[in-house]
Amino acid sequence: MTVLRKAIAIGGVVVLCAAVVATLVVFHLRTAFVSEAATYATLDDAAKSGAIQTGWIPNVLPRSANSIREKHNYEQNTEIATFLYNTNENILATLQNAVEVRSDQLSGMRAPAIGKTESWFPRAICEGRFAEMYEQGFVFYQFAQRSSAVTCRWCIAVNMKAGVCYLWMLGA
């Protein structure tokens, strides 16, 4: 009888382990398809791919935008992105409807819902430590953009001396 009980116990452990592994595989496959990432050499490349038309890249990027990287998450309806631009171009002209977030308002901003695992997106922004970025020369703006049938709210951190921008969608 002891051998039979041991066999049943071992069988139960094997079934439990198999169930845990199956759950982890399903979760991984589900999240793998929820998020997508893309890289574009230029703004024209992003436009040709349809990234601007679909709203994953906002249409406020300056013409000189390059080295564009973005990651979006369908389930959370959110996105992060970064790009470089020519500092001779007036980025504020392309951000016509953007409102500057003053340094005393930074604590009220929301961090992006995704991006913590991306080496190209600042951890300080992901963790809501906006004052650190501000001290590094970044100025923050918020704006809304209508794409398809929804209006999305965005934040953008701009370093005008370095020509570096980070932006994230706050959602619809």
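On a predicted model such as this, the values are computed, not experimentally measured, just so you know.

Visitor: Help me understand the packing of aromatic side chains in this model?
Guide: Two aromatic rings, taken as a pair, are described by how far apart their centres are and by the angle between their planes. Under the defined criterion, the tally for this structure stands at nine aromatic pairs. Here the aromatic rings of Phe121 and Trp168 are separated by 6.4 Å at their centres, their planes lie at 85°, and the arrangement is edge-to-face. Of this pair, Phe121 sits in the loop between β4 (99–101) and α4 (123–126) while Trp168 sits in strand β7 (residues 164–171), placing them 47 residues apart in sequence. For the pair Phe121 and Trp168, a shared accessibility class is recorded, and that class is buried. Each ring, one from Phe138 and one from Tyr166, has its centre 5.7 Å from the other, and the planes form 45°; the classification is tilted. Note that Phe138 is positioned in the loop between α5 (130–135) and β5 (139–147) and Tyr166 in strand β7, a separation of 28 residues in sequence. For the pair Phe138 and Tyr166, one class covers both residues: buried. Put simply, the rings of Trp120, Phe121, Phe130, Phe138, Phe140, Tyr166 and Trp168 touch in pairs and so form one group of aromatic residues.

Visitor: What is the right way to look at the side chain of Glu70 in this model?
Guide: With respect to the secondary-structure elements, Glu70 resides in strand β2 (residues 66–73). Buried and unpaired, Glu70 has no salt bridge, with Lys71 as the nearest side chain of opposite charge at 9.8 Å. Of note is the side chain of Glu70, whose polar atom sits 2.8 Å from the side chain of His72.

Visitor: Mind showing me how you'd approach unusual backbone geometry here?
Guide: Leaving glycine out, the prevailing phi sign among residues is negative, and the prevailing peptide bond configuration is trans. Positive phi, close to 50°, is recorded for Ser67, a residue that is not glycine. Looking at the secondary structure, you find Ser67 in strand β2.

Visitor: How do you make sense of the pairing of strand β3 (residues 78–84) when you look at a structure like this?
Guide: Every regular strand shows the same layout, with side chains that alternate between the two sheet faces. In terms of burial, β3 is a largely internal element, six of the seven residues being buried. Note: β2 against β3, six bridges, orientation antiparallel. Bridging across to β3, Arg69 finds its partner in Thr82. Connecting β2 to the antiparallel partner β3 that follows it, the hairpin turn spans four residues, and Asn77 within it adopts a positive phi of roughly 50°.

Reading guide: rules and limits
Residues numbered from 1 in each chain as written. Predicted model: local features only at pLDDT ≥ 70, side-chain atom pairs only at ≥ 80, totals over all residues. Heavy atoms only, no water. Phe/Tyr/Trp six-rings, centres within 6.5 Å; stacked < 30°, edge-to-face > 60°. Helix = DSSP H or I, 4+ residues; strand = E, 2+ residues; numbered from the N terminus. Buried < 20%, exposed > 50% of the residue type's maximum accessible area, 1.4 Å probe, protein only. Lys, Arg positive; Asp, Glu negative; His and termini not counted. Salt bridge = Lys/Arg side-chain N within 4 Å of Asp/Glu carboxyl O. Polar contact = N/O pair within 3.5 Å; in protein donor to acceptor, adjacent residues only side chain to side chain. Pairing = 2+ DSSP bridges.

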